[in-house]
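Each chain, letter by letter, is given below.
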There are 2 protein chains.
Amino acid sequence: MSKKKVAVVLSGAGVYDGAEIHESVITLLALDRQDAEVQIFAPDILQMHVVNHLTGQPTDESRNVLVESARIARGDIKDLAEANIKDFDAVIFPGGFGVAKNLCDFAVKGLDCSVNPVVENFVTEGLKAGKVMGFVCIAPALLAKIAGQIDLHPDITIGTDESTAAAVEQFGAHHVNCLVKDFVIDEKNKIVTTPAYMLGQRISEVAEGIEKLVNAVLELC
Amino acid sequence: MSKKKVAVVLSGAGVYDGAEIHESVITLLALDRQDAEVQIFAPDILQMHVVNHLTGQPTDESRNVLVESARIARGDIKDLAEANIKDFDAVIFPGGFGVAKNLCDFAVKGLDCSVNPVVENFVTEGLKAGKVMGFVCIAPALLAKIAGQIDLHPDITIGTDESTAAAVEQFGAHHVNCLVKDFVIDEKNKIVTTPAYMLGQRISEVAEGIEKLVNAVLELC
């Protein structure tokens, strides 16, 4: 059996302004343990802002999403604009505020958010092609926004946060409450989601949910 | 049985100028899965330099080791200068070039390197107090340098890299060749080391060695 090919899309490197680092590494580890063939991508754009993760305060720095994501990827990363969905069996988006600040602007604009065109195109093509797609933490909100635009209404979870759940329902998705160690699978639309740090307090419980998501994504391929 | 208290010392966030991100997260995950009580530390100093991880080239930016390490710690991190070795049963240093560029300057000065005084003091106190200490990837070189200064000559590994092995022998340690999925334990000195990305090609094999190191560290406590 040939290896399953999975694109992992990052949004920077750090929970408050980029991809959540634990979620990203746990995703990559779980994929490698299942012998998946992974290519990491990120869009070549500036971050919305840079947050000092010690103080939680924004700084006056400017950083690039692809360049910072390369820290998690150990340099082995490509511009998402170069990605062709046909090359992959599945796509996984780890979470972190970068998803809601860099890949789209849901963190500041909520229901009025717009999605980065490269990200929107990649996810839309994936949904239309019936690729298996996994979304971790806040990333299901991005999926809900894009899916709603093409009249898809998948079952997804962002955990139990009521205001975010209400937003994804407004986008047209169906929200399902879910524990951190569990995941939600929409077999018809081939979409898998898990709450991770939307809900989790400990890295070990976040890992349990993500490992289940990765296994479900690969089984759906 | 009370929880084992472990200090994890980071050196930034990114393999080329800071703590190796995979090694750091895998260490934190393995510790949490064993129900250890973890406090993350880093020194409050500027990085030696900043490397663009997409191109591998240095940039003209300036970043702080504690602030960047806070990305891996999700903000839950303290200045290493505030750490008291008496509060911990064990200490673990993940690897990455940050260990050899920020915690000491082994990467540029080799045998003539000097160690950051806060780091040197913390490790020296740990060795003198008989605390259990784990060092991943290139971090055993830092340990060898500090141990040699107090006439300790532990068995350690940095994998199979001959020039680095020769350097740690010059510092007074005894180098043992080791595979990436394995580890070296010096029971007398309570020191555990594993090669990780000094040798590893895949995150899953690096994880196997680090998980064994974490288990050995906790068993020695």
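Residues numbered from 1 in each chain as written. Chains lettered and ligands numbered in written order. Predicted model: local features only at pLDDT ≥ 70, side-chain atom pairs only at ≥ 80, totals over all residues. Heavy atoms only, no water.

Draft legend 1. Region of the structure containing the overall build of chain A. Counting its secondary structure elements, chain A contains eight helices and nine strands. By the compact-globule yardstick of 17 Å for 221 residues, chain A fits well, its C-alpha radius of gyration being 15 Å. In terms of overall dimensions, chain A has a C-alpha envelope of 45 × 35 × 35 Å along the principal axes. Taken over 221 residues, chain A has a buried fraction of 60%. Partitioning the intrachain contacts of chain A with sequence separation of at least 6 by distance along the chain shows that 67% fall at a separation of at least 24. Element-wise, carbon and sulfur atoms account for 45% of the exposed surface of chain A, whose accessible area totals about 8400 Å². (Helix = DSSP H or I, 4+ residues; strand = E, 2+ residues; numbered from the N terminus. Rg over C-alpha atoms; globule rule 2.2 N^0.38 Å. Buried < 20%, exposed > 50% of the residue type's maximum accessible area, 1.4 Å probe, protein only. Contact = heavy atoms within 4.5 Å. Areas by Shrake-Rupley, 256 points an atom, 1.4 Å probe, with all protein chains shown as cover.)

Draft legend 2. Summary view of the relation of the copies chain A and chain B. Superposing chain A onto chain B takes a rotation of 180° combined with a translation of 0.0 Å along the rotation axis, leaving an RMSD of 0.0 Å. On the angle and the small slide along the axis, the relation comes out as a two-fold axis. When C-alpha positions in chain A are compared against the rotation axis, the closest is assigned to V25 of chain A, at 3.5 Å. The fraction of interface residues of chain A whose copies in chain B are also interface residues reaches 100%, indicating that both copies meet through the same surface. (Least-squares fit on C-alpha atoms with pLDDT ≥ 70 in both.)

Draft legend 3. Examining unusual backbone geometry more closely. With a phi close to 55°, K190 of chain A is a non-glycine residue in the positive phi region. Its location among the elements puts K190 of chain A in the loop between β8 (184-186) and β9 (191-194). You will see that D35 of chain B, though not glycine, has its phi angle at about 65°, which is positive. With respect to the element layout, D35 of chain B can be found in the loop between α1 (21-33) and β2 (37-42).

Draft legend 4. Structural detail: the sheet that holds β9 of chain A. Residues and elements named next belong to chain A. An order of β3-β2-β1-β4-β5-β9-β8 is seen for the seven strands of this open sheet, with the pairing classed as mixed. On the outer flanks of this sheet lie β3 (77-79) and β8, each paired with one strand and no other. Averaged over all pairs of adjacent strands, the angle between strand axes in this sheet comes to 20°, irrespective of strand direction. Taken together, the four bridges between strand β4 (residues 90-93) and strand β5 (residues 132-136) define a ladder with parallel strand orientation. What sits directly across from V91, in β5, is M133. Against the sheet, helix α1 (residues 21-33) makes contact with β1 (5-9), β2 (37-42), β4 and β5, and its axis sits at roughly 175° relative to β1, the strand it touches most. Here helix α2 (residues 65-72) sits on the sheet in contact with β2 and β3, set at roughly 165° to β3. (Pairing = 2+ DSSP bridges. Axes fitted to C-alpha atoms, helices over the stretch in contact; angles between N-to-C directions.)

Draft legend 5. Local environment of the packing of aromatic side chains. According to the stated counting rule, one finds eight aromatic pairs over all chains in the structure shown. With a centroid separation of 5.6 Å and 85° between ring planes, the pair formed by F41 of chain B and F88 of chain B is classed as edge-to-face. With a gap of 47 residues between them, F41 of chain B in strand β2 and F88 of chain B in the loop between β3 (77-79) and β4 (90-93) connect regions that are remote in the sequence. Look at F88 of chain B and you get buried, because its relative accessible area is 7%. With a centroid separation of 5.3 Å and 10° between ring planes, the pair formed by F93 of chain B and F135 of chain B is classed as stacked. Of this pair, F93 of chain B sits in strand β4 while F135 of chain B sits in strand β5 (residues 132-136); the two residues are 42 residues apart in sequence, bridging distant segments of the chain. The same class applies to F93 of chain B and to F135 of chain B, which are both buried. Within the aromatic cluster, the residues linked to one another by ring pairs are F41, F88 and F122 of chain A. (Phe/Tyr/Trp six-rings, centres within 6.5 Å; stacked < 30°, edge-to-face > 60°.)

Draft legend 6. Fine view of the interface of chain A and chain B. Taken residue by residue, the interface counts 38 residues in chain A and 38 residues in chain B. Across the chain A to chain B interface the summed buried area is about 3400 Å²; carbon plus sulfur atoms make up 53%. For chain A, the biggest contributors to the area lost against chain B are L54, R71 and R74 of chain A; these three give 24% of the whole. The interface formed by chain A and chain B includes twelve salt bridges. Residues D32 of chain B and R202 of chain A are paired through a salt bridge, measuring 3.0 Å at the closest nitrogen-oxygen approach. Seen at the junction of chain A and chain B, the total is 21 residue pairs in polar contact (both at pLDDT 80 or more). (Buried area = accessible area lost by both parts, 1.4 Å probe. Salt bridge = Lys/Arg side-chain N within 4 Å of Asp/Glu carboxyl O. Polar contact = N/O pair within 3.5 Å; in protein donor to acceptor, adjacent residues only side chain to side chain.)

Draft legend 7. Inspection of the packing of helix α5 (residues 117-128) of chain A against helix α6 (residues 139-149) of chain A at higher detail. Residues and elements named next belong to chain A. Where α5 meets α6, the axes come as close as 10 Å, and the angle between the chain directions of the two elements is 65°. Comparing the axis directions of α5 and α6 gives the class roughly perpendicular. The element α5 and its partner α6 pack so that their crossing is right-handed. Of the residues in α6, those touching α5 at V119, E120, V123, T124 and L127 are L142, L143, I146, A147 and Q149. Among the residues forming the contact of α5 with α6, the class breakdown is seven nonpolar, two polar and one charged. (Parallel < 35°, antiparallel > 145°, perpendicular 65-115°, else oblique. Left-handed = near helix turned anticlockwise from the far one by under 90°. Nonpolar A, V, L, I, M, F, W, Y, C, P; charged D, E, K, R; others polar.)

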